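Below are the chains, spelled out letter by letter.
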Amino acid sequence: MLHPLITEPSNLDIFTETQHKIIENLNDRQREAVLSTTGSNLIIAGAGSGKTAVLTRRVAYLISQGITPGQILCLTFTNKAAAEMNKRVRSLLDSVQINLPYIAPWQQDYLQNPLLCTFHSLGVRILREFGDKIDLKKEFSILDSDDQKKIVRQILKELNISEKNLQPSLAIYFISQCKQASLVSSESNKISKDFLPIFHQIYAKYESQLKKSQIVDFDDLILLPYIILSQNQDIRQILYDRWHHLMVDEFQDTNPAQFELIRLLMPLEGLRLEKEKSLFVVGDDAQSIYGFRGSKIEIILNFQDEYPGTKEVVLNQNYRSVQPILDLAEKVIAHNPNQKKKDLFTNNREVVDVHYYVARNDRDEAEFILRKLQELYINEQKADIKKVKSSSELIFEADENSYITKDYTKSKDFVKKKDPISSMFDIYLESDDNFGISRTGLYDPYSWQVPEIKWKEIKKLDEVVILYRTHSQSRSIEEVLLKHNVPYKLVSGTRFLDRKEIKDIIAMLKFLANGSDRVSMGRFLPLIMDGVGPKTLGKMIAYLDDFDYPLAPKYAQMLMDLIEKMQRCWTTNSTLIELTKELLTITGYMKYLKSEYPVKDEFEARVENIGEIYSLMFPFDEDKEMPLTEKLNQFLAAVMLMSSLEMDEADDVPKISLMSLHQSKGLEYETVFLVGVEDGLLPHQNSFFEVGGMEEEVRLAYVGVTRAKKHLYLTSAESRIQFGQIKANPISRIFRPFLDVQVKRTR
Ligand code: ATP
Ligand code: MG
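So, how was this worked out
Residue numbers here run from 1 along each chain, matching the order of that chain's written sequence. For naming, the first written chain is A and the first written ligand is 1, with later ones following in the order written. In keeping with the predicted nature of the model, local features appear solely for residues at pLDDT of at least 70, side-chain atom pairs appear and are counted solely at 80 or more, and the whole-chain, interface and lining totals rest on all residues. Water and hydrogen atoms were dropped before computing side-chain values, which therefore reflect all heavy atoms in the structure. Where helices and strands are cited, they refer to DSSP runs of H or I of at least four residues and of E of at least two residues respectively, numbered from the N terminus. Residue exposure (1.4 Å probe, protein chains only): buried if accessible area is under 20% of the type maximum, exposed if over 50%, otherwise partly exposed. Any two residues whose heavy atoms approach within 4.5 Å at even a single point are treated as in contact. By convention in these notes, a residue is near a molecule or strand provided one of its non-hydrogen atoms lies within 4 Å of it. N or O atoms within 3.5 Å of each other form a polar contact, as long as, within protein, one can give a hydrogen and the other can take it, and as long as residues adjacent in sequence are counted only when both atoms are side-chain atoms. What sets the accessible areas is the Shrake-Rupley method with a 1.4 Å probe; for residues, cover comes only from the shown protein chains. Basically, the charged four are Asp, Glu, Lys and Arg, the nonpolar ten are Ala, Val, Leu, Ile, Met, Phe, Trp, Tyr, Cys and Pro, and anything else, Gly included, counts as polar. An automatic or database domain assignment supplies the residue ranges for each domain. Any pair of Phe, Tyr and Trp rings, taking the six-membered ring for Trp, is counted once the centres come within 6.5 Å. Such a pair is stacked with planes under 30 degrees apart, edge-to-face with planes over 60 apart, and tilted for the rest. Axes here mean lines fitted to C-alpha atoms, for a helix over just the part in contact, with angles spanning 0 to 180 degrees between N-to-C directions. Should an angle fall under 35 degrees it is called roughly parallel, over 145 degrees roughly antiparallel, and 65 to 115 degrees roughly perpendicular, with every other angle called oblique. For a crossing to be left-handed, the near helix must be turned anticlockwise from the far one by less than a right angle; the clockwise case is right-handed.

(A) Focus on the environment of V314. Looking at where V314 falls in the secondary structure, it is placed in strand β8 (residues 311–315). You can call V314 partly exposed: its relative accessible area is 29%. In this structure, the C-alpha to C-alpha distance between V314 and I44, residues 270 residues apart in sequence, is 5.4 Å. Excluding anything up to four places from it in sequence, V314 contacts R29 and I44.

Dropping the structure here:
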C-alpha cells in the first residue's frame, strides 16, 4: 500500500510528456479539476487557491488531448483578466511546444484558437454575426454612459418631466436592472411592483430610440444575444456545434442574463447526451462583489440545482499569501455566517505581520504609504542609501517660535523659524513617536520632506497596489505621489473614451460606420457647424431621418456636403489612421479644436491624446486583408469595451497601481495598502440601508485583504475630507475586532 501522501504513479503514466508538463506542480485537487473534461463542473474555492491557474491549465490540457482549440470558449469579466488568460495559455502551450498560429484577437477564428474573452466581447461577436435576426445591422454602435444619459434626458424632456422630480440616473438604473434580469421593455413590469409606471414608459422610449439609431448599450451586449439565442433554434445549434467546452472564471459575479446565456450555449441536455462537451465554472462565493450590477450570489450557490449531477471540486490550499494575511481574511469573512466554509491553508511558512496605521488625516495616510514604500524598497536602490541617510535631520525645539535642526553629515545646526500655520500640528510633530521615525533617517516629520529616491528605478513598484472603496479617495494619495515623483497608474474605471477629444472623434467614426447613429451625430455636428444654432442643428438631424422635414435649403446643403465629404474618405484611404486624419481635417474638427484650446500647450496635449487613438488603430491597420469598413467596426467595438487600465500599460516604467476594491478582483500584488478602513467608507455608508449591503462590504474587504502576497497595510484616518466635508469616521467595524490582536499597529 502506498502512503496516502504519495500520488499513485500508475495514475500519471497514462499522460503524454506534454500533459505531464501541463499538470506538473498541481496539487491533487487542482489536478482532479484540470482532468475533469466532461459534464458540468463547479470549482468553488477561496482566494488565491489557483482557480484561474486551473482554468488556464485545463484549456492547455484539452488542446493537448487533441481537441480543436476553437471549440473552447472561456469567459471572464474584465479585459485585463481575459488578456492575462490569453497570455498564460499561450505561454503554457509554448512551453510544451504546442504552437497556436498567431491570430489577432479581434479576428473571428473559430478553429485554430480558443476564444478567451469577456462576456461583453462575446456579446459583440454574437451580435455582429447574428444581429440581423433582430434587425440590428452589422455596423451597430455601442453607447457609452454619457450618451446614455443624454438620451434619457431627452426622453424626460419629451415626457415633460423635470430632472428634479426624476433623476436620469435613476431611470438608467431601472433600465439596467431590467436588462440584467433579461427583461425587454414590454416585460419590464415583472421586475418589481415598486417602480412607477413612468419608468416603464421611459424604458420603452429608450429602447425604440436605440433601435432606430442602431445603437446598443452595455447591458444589451448580454441581453440581445440572449434574445437571439432563445428565439432561434438554428443559431443555438450553430453555436452549440461551435463551442464544446465552455468555461467561466469569477463565476460568483454572473448576473441572471449572463447565466441564461450560459444555459443557452451549454444546455443541460447537451451535457447529458454528449461526452465530448463540458461546462466548467470556477468561483468563490466569498468574493461576490457585483451585487450592485445585478450579479446574484445564488447562481453559484444553487448551481447544482440547475445542472444536476455537477461534479464539485473544492480547492483549499492557498498559494498566494503568507499565513497572517490568510488568518485575517478568514476572520473578516467569518462576519458573514452564510458563506461556504473553505478552510484555506498555506505551506508558506514565512511570517510577515499585517500592519495597521491610524493617520491623522487623509494626507498623513498618503504620506504613510510613501514612508512604508521607502522602508520596503529602499534596498533596491542601494547606491542611494547614503544620500538618503545624509539628508536626515534631527529636530530640537529651541523656543516657541523656532526650532533647531541638526544635520549630522555637515555637523552643523540650523535654526529655522516655525511656520505659524504648520505649528498648529506641533503636538503631533514633536511627539516622541516622530523623533523615532526621524532618527531612522527616512522621514523628516517637520517639513514633510521625503528624502529623494529614484522611484523610476524601483522595479518592485509594479508589485504594489493601493486599494480604496471609492474613487474619490485617490485624490490625496495622488497628490502626494505626484509631489514626490512616484510613478503610479490610476485604474479609474472611467474609460479612455471619457476624454473629450477622444469622444468627439469616436463619435465621428461611429457615424461614419453607422449612418443611423443619431446620438453620435448629435455630438459632433455642433462642434463643426460654425455659426449654426442649436435649434437648426436639431432640425438638421431630423432632416436626415425625413427629407421632407422643413429645413432651409442652405442648411440642407451644408449637411449634405458634410456627409458627402465624410463618405469620400472611404474611397481615398486604405488605413484607419489615414482615414481618421483626413476626417479630422475635412470636417474642420482640427480647426475647431484649435479655437477651443488657443493655448499652445493645451492644444498640443489634446493632439497627443489623439495620437493615442492612432496607436490603438495601428494593429488593425496591419491586417492587409481586412476591408476598411470591417477594420473600423472591429476597432470601434474594441475601443468601446476598453478601460483605461489597458491604456496606461503603454510604457514600461514600473508603477504603483491605484484602484478600487471592485477592480482588484483576480489580481495579486506583493504589497497591498488597503486605505480608508473606516465606517462610512468600508463598509460604505450606503450599505447601512441596503438589504445584504453589509454582507457585500464584508466580501469586498475579503477581496482586498486576499490580494496581498506578503505585505498588507491597513490604514484609517482620524479625519478626512469626504464629499466636500470634514469627516471623522470611526474605525471600520469589519476590522475593529482584529486590530491589535491580529494586526500590528505601526507608525
Ligand atoms: P482569486 O480568488 O483571487 O481569483 P485564484 O483562486 O484564481 O485567486 P490564482 O490567481 O489562480 O488563484 O493563483 C494564485 C497564485 O498561486 C498565483 O500566483 C498562481 O500562480 C499560484 N499557484 C496556483 N496554483 C499553484 C500551484 N499548484 N503551485 C504553485 N503556485 C500555484
Ligand atoms: Mg482568479
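(B) Geometry of the site of ligand 1. Close contacts around ligand 1 come from 18 residues, with K51, T52, Q287, E668 and R707 the closest. Between a nitrogen atom of ligand 1 and a main-chain N or O atom of N25, the distance comes to 2.8 Å. Calculation on ligand 1 without its partners gives an accessible area of 630 Å², and the protein chains cover 82% of this total. Among the elements that line the shell around ligand 1, the one with the most residues is helix α4 (residues 51–64), at 3 residues. Grouping the amino acids of the shell around ligand 1 by side-chain chemistry returns 4 nonpolar, 9 polar and 5 charged. Taken together, domain 1 (12–131 + 222–317) and domain 3 (353–494 + 651–739) each give at least three residues to the shell around ligand 1, which thus spans both.

(C) A look at the packing of aromatic side chains. One pass over the structure, following the stated rule, counts 16 aromatic pairs. On the numbers, 6.5 Å between centres and 70° between planes, the contact of F259 with Y307 is edge-to-face. Of this pair, F259 sits in helix α12 (residues 256–265) while Y307 sits in the loop between α15 (303–306) and β8, placing them 48 residues apart in sequence. In this structure F259 comes out as buried when scored by relative accessible area, which is 6%. With centroids separated by 4.1 Å and ring planes inclined at 5°, the aromatic side chains of Y357 and F368 adopt a geometry described as stacked. Residue Y357 is located in strand β9 (residues 355–361), and its partner F368 is located in helix α17 (residues 362–377); the two are separated by 11 residues in the primary sequence.

(D) Summary view of the packing of helix α22 (residues 500–513) against helix α27 (residues 589–596). It is at 12 Å that the axes of α22 and α27 come closest, and there the two elements cross at 160°. The angle between the axes of α22 and α27 places the two elements in the roughly antiparallel class. Helix-helix and strand crossings are classified by hand; for α22 and α27 the assignment is right-handed. Contacts between α22 and α27 involve K500, E501, D504, I505 and M508 from the first element and Y589, Y592 and L593 from the second. Here the contact of α22 with α27 is built from residues that sort into 5 nonpolar, no polar and 3 charged.

Purely spatial values, then, with no claim about function.
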